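Next come the chains, spelled out residue by residue.
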Amino acid sequence: MWDYIGVKECNDYLLSLNLFDCDDRQKYIRTLYAIANDVRKHYTKFQIRKHDGKMRTIYEPSGILKHIQKRILTEVLEDMRVSPYATAYTKGKSLLDNAQPHVGQKMILKLDIRHFFENIWFLDIYNSCFPIELFPKSVGMLFTYLCTYDDHLVQGAPTSAFISNLVMREFDYEIGNWCNQKNISYTRYSDDMTFSGDFDPSGVIRKVRRELYKLDMELNDSKTRVIRRSHRQCVTGLVVNEKRQVSREYRKEIRKQIYFIQRHGLSEHLARIGRDEKGYLERLKGSICYVLQINPDDAEFRKYLEDIDELSYANK
């Protein structure tokens, strides 16, 4: 369909996206291709510690590359359809949507994809996100280069999360349809897959392993978990045995902070823990609001929210 689309038309399209601020048409196009041709130098790598103590590498794009990626995300990608089973990085969906299908189920199976972003490669991205059916080849290839590092996705780029959902779309539909036939609930939150119902876990694992193999991906077997109803069933941090609920530990920590404030007073409590007043109250309020987002009818935490609002007003 692009037989009659030339260089000028491709450049006009790129200019219309306003991927970064530049009034010089030629300089704008040259800069895009220069960044794409040497994208490695536009990233800074650093590591953060994960909950399990291991280190995660984050790739921070330069200011101009991050701006370009954000524009590609909003102007090109976000109108594309992802599967209904993908609950991360999708407008209108959250942890609540990932947890809700698994409330009150007999059994939960949790599976994890090993090195998820690193195993989403250039051609997968090009074919799923910028295919020749939708974009001239030169434009699709340019976008793909601008969204990858060493020909794969990285954590830190604004586009990576949404791209991962587009690449996994056919996988999600295959797994989701297969599960529907067997009355199994399925959701995927990035690399974290959750299945629930009354079923044989080994059959699900075999099916998922086969479908991942087609994408050159594999399961992280060390993170496979089967959780029966007799144990606490958590899905992306939320307890789902009977209803969606924040974990006992999370709620207990908030109660402890409220108790110390009420016993010692805010100023003395902050002095004891060496914290800044404004930042502390904002974070504590955010934690309380998170509990209420999961369970809006929680009278205990609604009272805590009122108490924090009164403290914030009194200390202005």
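Going by the structure above, here's the rest.
Scope of this entry: the structure provided in the associated data block. (Residues numbered from 1 in each chain as written. Predicted model: local features only at pLDDT ≥ 70, side-chain atom pairs only at ≥ 80, totals over all residues. Heavy atoms only, no water.)

## With respect to the side chain of Ser83
What counts, and what does not: Put simply, DSSP H or I for four residues or longer makes a helix, DSSP E for two residues or longer makes a strand, and each gets a number counted from the N terminus. Definition of a polar contact: a pair of N or O atoms within 3.5 Å, with one able to donate and the other able to accept a hydrogen when the atoms are protein atoms, and with sequence-neighbouring residues admitted only if both atoms are side-chain atoms.
Mapped onto the elements of the fold, Ser83 is located in the loop between helix H3 (63–77) and helix H4 (95–99). Of the polar contacts made by the side chain of Ser83, one reaches the side chain of Asp172; its length is 2.9 Å.

## A look at the packing of helix H2 (residues 25–37) against helix H6 (residues 137–146)
Counted only if it meets this: Axis geometry follows a simple rule: fit a line to the C-alpha atoms, using only the stretch in contact for helices, then measure angles between N-to-C directions, giving values from 0 to 180 degrees. Angles are sorted into four bins: roughly parallel if under 35 degrees, roughly antiparallel if over 145, roughly perpendicular if 65 to 115, and oblique for all others. Should the near helix be turned counterclockwise from the far one by less than a right angle, the crossing is left-handed, whereas a clockwise turn marks it as right-handed. Contact definition: two residues touch when any of their heavy atoms are within 4.5 Å. Residues are sorted three ways: Asp, Glu, Lys and Arg are charged, Ala, Val, Leu, Ile, Met, Phe, Trp, Tyr, Cys and Pro are nonpolar, and all the rest, Gly among them, are polar.
Direction vectors running N to C along H2 and H6 enclose 55 degrees, while the axes themselves pass 8 Å from each other. By the criterion of interaxial angle, the relationship of H2 to H6 is oblique. Here the hand of the crossing between H2 and H6 comes out left-handed. On H6, the residues that touch Leu32, Tyr33, Ile35 and Ala36 of H2 are Ser138, Leu142, Tyr145 and Leu146. Grouping the constituent residues of the contact of H2 with H6 by class yields 7 nonpolar, 1 polar and no charged.

## So, the sheet that holds strand S9 (residues 245–246)
The cut-off we apply is this: Here, a strand pair is defined by DSSP locating no fewer than two bridges between the strands.
One open sheet holds the 3 strands; their spatial order is S7-S8-S9, and the pairing between them is antiparallel. Every other strand in the sheet has two partners, leaving strand S7 (234–235) and S9 as the edge strands with one partner each. Sheet topology places S7 next to strand S8 (residues 238–239); 2 bridges connect them, and they run antiparallel. When the sheet's bridge partners are listed, Val235 is paired in S8 with Leu238.

## Considering helix H7 (residues 160–167)
So the rule is basically this: Buried means the residue's accessible area, taken with a 1.4 Å probe over protein chains only, is under 20% of the maximum for its type, while exposed means over 50%, and partly exposed covers the values in between.
Counted residue by residue, H7 has 8 buried out of 8 residues, so it is predominantly covered. For H7, the full list of buried residues reads Ser160, Ala161, Phe162, Ile163, Ser164, Asn165, Leu166 and Val167. Where H7 is buried, its residues contact H3, helix H5 (122–129), helix H8 (169–181) and strand S4 (185–189).

## Some points on the packing of aromatic side chains
Keep this limit in mind: A pair of Phe, Tyr and Trp rings is counted when the ring centres sit within 6.5 Å of each other, with Trp represented by its six-membered ring. The angle between the planes then sorts it: under 30 degrees is stacked, over 60 is edge-to-face, the rest tilted.
Following the criterion strictly, the structure yields 17 aromatic pairs and no others. A ring pair is formed by Tyr85 and Tyr186, whose centres lie 5.5 Å apart and whose planes are at 35 degrees; its orientation type is tilted. Placement of the pair is Tyr85 in the loop between H3 and H4 and Tyr186 in strand S4, with a sequence separation of 101 residues. Judged by its relative accessible area of 12%, Tyr85 falls in the buried class. Grouping aromatic residues by their ring pairs yields a cluster made of Tyr13, Phe130, Phe135 and Phe143.

## Quick notes on the pattern of salt bridges
To keep it simple, the criterion reads: By definition, a salt bridge exists where a carboxyl oxygen of Asp or Glu is found within 4 Å of a side-chain nitrogen of Lys or Arg.
Counted by the stated rule, this structure contains 21 salt bridges. Between Glu60 and Lys66 there is a salt bridge, and its shortest N-O distance comes to 2.4 Å. For Glu60, a relative accessible area of 28% translates into the label partly exposed. Between Arg232 and Glu249 there is a salt bridge, and its shortest N-O distance comes to 2.8 Å. With Arg232 in the loop between strand S6 (225–228) and S7 and Glu249 in helix H10 (residues 248–264), this pair connects stretches of sequence that are 17 residues apart. The class of Arg232 is partly exposed, set by a relative accessible area of 37%. A single salt-bridge network, built from bridges that share partners, covers Glu174, Lys207, Glu211 and Lys214.

Interpretation in functional terms is not warranted from these geometric data alone.
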